[in-house]
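Single-letter residue listing:
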Amino acid sequence: MEDDQWKKKLSKEQYRILRLRQTETPYSGVLLHNDKTGKYLCGACGQTLFDSSTKFDSRSGWPSFNWPVNKKAIKLSEDRSLGIRRVEVSCARCGSHLGHVFNDAPDQPTGIRFCINSLALDFKEKKIRDNLKKSRG
Ligand SMILES: [Zn+2]
């Protein structure tokens, strides 16, 4: 998608994070304390990225996950901005910036913290209805 199309599709704040690769203010995200069961999707293209079962409270101020739903859904690349080496996490489908990944979560089964901007995500709650539909076949 062209840049002006992203500008039209996304809110100003989402655009700043997803397309200009900025970081939202810590503790500002609406999904930070979301503890509902469901899936977290790319805020730009809607691809499923994370599951609520991997979300944890890292006390960093950003939604944190210990693993993506599928390694192919995300793209990792080196980020040398701010004079430090970090690993940037982007959506593999649309290339939008999501956040960074750190090796600093020893309390998690994976030891890894995907530190993701709330504004880069959409949340799709899993409804009890969905389970009923499935069990009916
Ligand atoms: Zn995407």
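Residues numbered from 1 in each chain as written. Predicted model: local features only at pLDDT ≥ 70, side-chain atom pairs only at ≥ 80, totals over all residues. Heavy atoms only, no water.

**Student:** Explain the coordination of the zinc ion to me, using residue names and the numbers behind them.
**Tutor:** Distances from the zinc ion to its protein donors, C42 (SG), C45 (SG), C91 (SG) and C94 (SG), fall within 2.3 to 2.4 Å. The coordination sphere of the zinc ion comprises 4 donor atoms, whose angles at the metal cover 105 to 113 degrees; the geometry is tetrahedral. Counting along the primary sequence, the residues that act as donors to the zinc ion give the motif C-x2-C-x45-C-x2-C. Taking relative accessible area as the criterion, C42 reaches 1% and is therefore assigned buried. Among the residues examined, C45 registers a relative accessible area of 23% and is labelled partly exposed. (Donors = N, O, S within 2.8 Å, 3.2 Å for Na, K, Ca; no water. Tetrahedral: all angles 85-135°; square planar, octahedral: opposite > 155°, others 65-115°. Buried < 20%, exposed > 50% of the residue type's maximum accessible area, 1.4 Å probe, protein only.)

**Student:** Go over the environment of K75 with me, naming the residues and quoting the values.
**Tutor:** Mapped onto the secondary structure, K75 falls in strand β5 (residues 74-79). Note on K75: relative accessible area 48%, which makes it partly exposed. The spatial distance from the C-alpha of K75 to the C-alpha of V89 is 5.8 Å, given a sequence separation of 14 residues. When sequence neighbours within four positions are dropped, the list of residues in contact with K75 reads E88, V89, S90 and A92. (Helix = DSSP H or I, 4+ residues; strand = E, 2+ residues; numbered from the N terminus. Contact = heavy atoms within 4.5 Å.)

**Student:** Tell me what's going on with the layout of surface pockets, and back it up with residues and numbers.
**Tutor:** In this model, the largest pocket occupies a volume close to 200 Å³. Along its surface, the largest pocket is lined by 10 residues, and G38, K39, K124, K126 and D130 are the ones closest to its centre. If you list the elements that add at least two residues to the lining of the largest pocket, you get β1 (38-42), β9 (121-125) and α3 (128-136). Its residues placed into classes, the lining of the largest pocket shows no nonpolar, 3 polar and 7 charged. (1 Å grid on protein atoms, 1.4 Å probe; cavity = no way out; pocket = protein on both sides within 12 Å on 5 of 7 lines; lining within 4 Å. Points joined across faces, edges and corners; volume = space filled by probe spheres on them. Nonpolar A, V, L, I, M, F, W, Y, C, P; charged D, E, K, R; others polar.)

**Student:** Please give an account of the nonpolar core that cites residues and values.
**Tutor:** Counting residues in hydrophobic clusters, the biggest one holds 23 residues, and the most contacted among them are L49, F50, L98, F114, I116 and L121. If you list the elements that add at least two residues to this core, you get α2 (12-18), β1, β2 (48-51), β6 (86-91), β7 (97-102) and β8 (113-116). Among the elements that line this core, the one with the most residues is α2, at 3 residues. Those residues within four positions of L49 in sequence are excluded, and the remaining contacts are Y40, L41, C42, P68, V69, A73, I74, L98 and L121. (Core = buried A, V, L, I, M, F, W, Y, C linked by side-chain atoms within 4.5 Å.)

**Student:** Outline unusual backbone geometry, listing residues and values.
**Tutor:** At R21, a residue that is not glycine, the phi angle is positive and equals roughly 60 degrees. Along the chain, R21 turns up in the loop between α2 and β1. Accessibility expressed as a relative area gives 38% for R21, which makes it partly exposed. For R59, which is not glycine, the phi torsion reads 60 degrees and is therefore positive. Summarising the element assignment, R59 is placed in the loop between β3 (55-56) and β4 (64-65). By relative accessible area, which is 69% here, R59 ends up exposed.

**Student:** Kindly report on the pattern of salt bridges, identifying the contributing residues and their values.
**Tutor:** In the structure shown here, the tally under the stated rule is 6 salt bridges. In this structure, R21 and E88 form a salt bridge, with 2.9 Å as the shortest nitrogen-oxygen distance. Here the residue R21 occupies a position in the loop between α2 and β1, and E88 occupies one in strand β6, the gap between them amounting to 67 residues. Judged by relative accessible area, which is 9%, E88 ranks as buried. One salt bridge connects R113 with D104, and the closest N-O pair in it is separated by 2.8 Å. Overall, R113 belongs to the buried group, its relative accessible area being 10%. Given the relative accessible area of 41%, D104 is considered partly exposed. (Salt bridge = Lys/Arg side-chain N within 4 Å of Asp/Glu carboxyl O.)

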